[in-house]
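Architecture at a glance
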2 protein chains.
Amino acid sequence: MNYYVGMDLGGTNTKIGLVDEGGNIIFTTIVKTESMEGFEKTIERLSKILIEQVKGSNINYDDVKGVGLGVPGPVVNERVVKLWANFPWPKEVDLAGEFEKHLNRKVKVDNDVNVITLGEMWKGAAQGYKHVLGLAIGTGIGGGIIVDTKLVSGKNGGGGEVGHTKVEKEGKLCGCGQNGCWEAYASATGLIREAKSRLTVHKNNKLYEKITSMGRELEAKDIFDAAKEGDEFSLNLVDYEAEYIALGLGNLLNTLDPEIIVIGGGVALAGDILFNRINEKLHKYALSSTLEGLKILPAQLGNDAGIIGAAYLGMN
Amino acid sequence: MNYYVGMDLGGTNTKIGLVDEGGNIIFTTIVKTESMEGFEKTIERLSKILIEQVKGSNINYDDVKGVGLGVPGPVVNERVVKLWANFPWPKEVDLAGEFEKHLNRKVKVDNDVNVITLGEMWKGAAQGYKHVLGLAIGTGIGGGIIVDTKLVSGKNGGGGEVGHTKVEKEGKLCGCGQNGCWEAYASATGLIREAKSRLTVHKNNKLYEKITSMGRELEAKDIFDAAKEGDEFSLNLVDYEAEYIALGLGNLLNTLDPEIIVIGGGVALAGDILFNRINEKLHKYALSSTLEGLKILPAQLGNDAGIIGAAYLGMN
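None of the values given here were measured: they were computed from a predicted structure.

1. So, the relation of the copies chain B and chain A
Overlaying chain B with chain A gives an RMSD of 0.0 Å, the required rotation being 180° about an axis along which the chain moves by 0.0 Å. Here the two chains are linked by the operation of a two-fold rotation axis. Closest approach to the rotation axis among the C-alpha atoms of chain B is made by Glu168 of chain B, whose C-alpha sits 3.0 Å away. Same-surface contact between copies: 100% of interface residues of chain B are shared with the interface of chain A.

What follows is the structure in structure tokens.
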């Protein structure tokens, strides 16, 4: 049996996993990334932990045939990280090469949402499909585009940066500095922003009651929960969310015409109350031929998607 | 030497060409499509003409190794035309199979703008590139997306239907029945529509003088010509056109991050006055990493792109 390492390199934690060629997870472990100690030192330490963990798992390191990594940033040629979000590491660095020095294995790297989408195609909601659009809708909106089982990463790793497609010309300011980005509207952050804006003038609703009694910041889940309890104010916010998700999805459907869209991230946990509305609204934005036979499903693998997808990347 | 037939099946005329394996055109000929005589009869007649033309050109038909076709409609699996614009022919028809009956060669079919984009990659402006976005901006806006030298046609042939991505939520009505489509703003039709709307209230400009003296309908070229002569009113219209092209392009860059964008169709003939403005405005809409090293060029092959691209399709 051959084995593949999958890693999910995050700003705070890094997840390391070993996956067999059938996509079964042998183990996963979480370690602090501690990127402050510097690029080379961190990679060396993570490599040592990886090798030790494999040895401790009764798997012969010789049977580990490849290593894949997901990282929070754009990646060029499955090797070079163009720039780091939240890491004090140099730009344009050959991350694959640095790991290869220590691991003595071929290493492949791609953007984390791209890698998650590979995972969902291999063992999750998109199993058996070749043309897949993966979306992670949480703090921002990230996308992974798979055409004929291959990731579309683009010349500079910008493939799938769909959170920054524009849904309103000269619209709301986005964290990227541009205006009208999809994620400024339809991410969890965008939904909360809209909710807070409306709550400053509408206080006669269940959501307002909830958050004033909670003593913590509003979360997207609070809005979906209040909507499920029938709060009209919150239902209107769910409608807002579904409208902008449908608008952005419509543009991607008219561009890529995928077989299946897999939606993960916090917002996807809202379930039918959101997905049903998205499906109703898509007809306004997507060409009807792109909706014929289209599947839109929540992600299945949850936190394991990054490990399984990275292992798949390392395998192929 | 091997040869390939390229055909461009149009509502009025069909162009048939023979191309050698180096991409050189041996001959092209134009015949009336006459789709009214029915699907099977038309294909039979076009096939006979094709074989006769090859025989008349001193090329042995045995040396013709494949046939490619571009058609005005979405195509599934390089064979089946999902629906016909302007043809009284059945939906979901196996066009490749029908030609194969008569030609005794493998036949491949794809959407006409997809095929043009293949042509520009093989022998035109995008030669040597693997990740190409082709756009035809004329009556409408069509797109061809090439990732790693392969067309993205989508599950139902909707890949590249970028003219119907939305640039204004609940915007202008489009011919497709939806609102806010890119082509309702930035196609030649969209530009003329905007110009006519402005001309109803602004008459003190060169463009108004021109068209009242011309005695024919306004064309996009008139606007670009007047702008080049310094007409402020027309320059504002060029600015409008560039703004919306940049907005739509930005969304595609943030989705696909191609190496090169090739723009054809009537609007592309405007030249620098338009392309310079598009380049200036793109920074508002596209992530900066997608603009690094990006080339945006006018199409080079003109009317031959369809034949050369179709031959390339038939070859690969």
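2. Details of the packing of aromatic side chains
Each pair of aromatic rings is reported with the distance of its centres and the angle of its planes. Residues and elements named next belong to chain A. Evaluated as defined, the whole model comprises 14 aromatic pairs over all chains. Ring centres of Trp84 and Phe87 lie 4.8 Å apart, and the angle between their planes is 45°; this geometry places the pair in the tilted category. Pair check on accessibility: Trp84 and Phe87 agree, each one buried. Ring centres 5.3 Å apart and planes at 50° place the aromatic pair Trp122 and Tyr312 in the tilted group. A residue pair is termed long-range when its members are at least 10 positions apart, and Trp122 in helix 3 (residues 112–123) and Tyr312 in helix 11 (residues 305–315) qualify at 190 residues. With respect to class, Trp122 is no different from Tyr312; both count as buried.

3. Some words on the packing of helix 7 (residues 220–228) of chain A against helix 8 (residues 232–256) of chain A
Residue and element names in this part refer to chain A. It is the contact of helix 7 with helix 8, at a shortest axis distance of 8 Å, that shows an interaxial angle of 120°. When the axes of helix 7 and helix 8 are compared, the pair comes out oblique. Between helix 7 and helix 8 lies a crossing whose hand is left-handed. Residues Ile223, Phe224, Ala226 and Ala227 of helix 7 form the contact with helix 8, whose own contacting residues are Ser234, Leu235, Leu237, Val238 and Glu241. Of the residues contributing to the contact of helix 7 with helix 8, the split by class is seven nonpolar, one polar and one charged.

4. What about the domain arrangement of chain A?
All names here are of chain A. Each domain of chain A was delimited in the assignment, giving domain 1 (3–121 + 304–315) and domain 2 (128–299). In this structure, domain 1 and domain 2 have C-alpha centres spaced 28 Å apart. In this assembly, 12 residues from domain 1 lie in contact with 21 residues from domain 2. Both sides of the domain 1 and domain 2 interface together cover about 1200 Å² of buried area, and 62% of this is carbon and sulfur. Its largest share of buried area at the contact with domain 2, domain 1 owes to Asn114, Thr117 and Met121, together 41% of the area lost on that side. The interface formed by domain 1 and domain 2 contains zero salt bridges.

5. Remarks on the sheet that holds strand 4 (residues 64–71) of chain A
Residues and elements named next belong to chain A. Read across the sheet, five strands follow the order 3-2-1-4-8 without closing on themselves; strand pairing throughout is mixed. The strands lining the two open edges of the sheet, one partner per strand, are strand 3 (25–32) and strand 8 (107–111). For this sheet the average axis-to-axis angle between neighbouring strands, irrespective of direction, equals 15°. Of the pairings in the sheet, the one linking strand 4 to strand 8 comprises five bridges and is parallel in character. Of the residues in strand 8, the one forming a bridge with Gly68 is Lys108. Contacting strand 1 (3–9), strand 2 (13–20), strand 3 and strand 4, helix 1 (residues 39–55) crosses the sheet at an angle of about 145° to strand 3. Running over the sheet, helix 11 touches strand 1, strand 2, strand 3, strand 4 and strand 8 and is turned about 125° from strand 1.

6. Some thoughts on the side chain of Glu183 of chain B
Residue and element names in this part refer to chain B. Considering the arrangement of structural elements, one finds Glu183 in helix 4 (residues 182–186). Lacking a salt bridge, the buried Glu183 has Arg193 as its closest oppositely charged neighbour, with an N-O distance of 8.7 Å. For Glu183, the side chain forms a polar contact with the main-chain nitrogen of Ile141, separated by 3.0 Å. Not counting chain neighbours up to four residues away, the residues in contact with Glu183 comprise Gly140, Ile141, Gly163, His164, Cys174 and Gly190.

Cut-offs and rules
Residues numbered from 1 in each chain as written. Chains lettered and ligands numbered in written order. Predicted model: local features only at pLDDT ≥ 70, side-chain atom pairs only at ≥ 80, totals over all residues. Heavy atoms only, no water. Least-squares fit on C-alpha atoms with pLDDT ≥ 70 in both. Contact = heavy atoms within 4.5 Å. Phe/Tyr/Trp six-rings, centres within 6.5 Å; stacked < 30°, edge-to-face > 60°. Buried < 20%, exposed > 50% of the residue type's maximum accessible area, 1.4 Å probe, protein only. Helix = DSSP H or I, 4+ residues; strand = E, 2+ residues; numbered from the N terminus. Axes fitted to C-alpha atoms, helices over the stretch in contact; angles between N-to-C directions. Parallel < 35°, antiparallel > 145°, perpendicular 65-115°, else oblique. Left-handed = near helix turned anticlockwise from the far one by under 90°. Nonpolar A, V, L, I, M, F, W, Y, C, P; charged D, E, K, R; others polar. Domains from an automatic or database assignment. Buried area = accessible area lost by both parts, 1.4 Å probe. Salt bridge = Lys/Arg side-chain N within 4 Å of Asp/Glu carboxyl O. Pairing = 2+ DSSP bridges. Lys, Arg positive; Asp, Glu negative; His and termini not counted. Polar contact = N/O pair within 3.5 Å; in protein donor to acceptor, adjacent residues only side chain to side chain.

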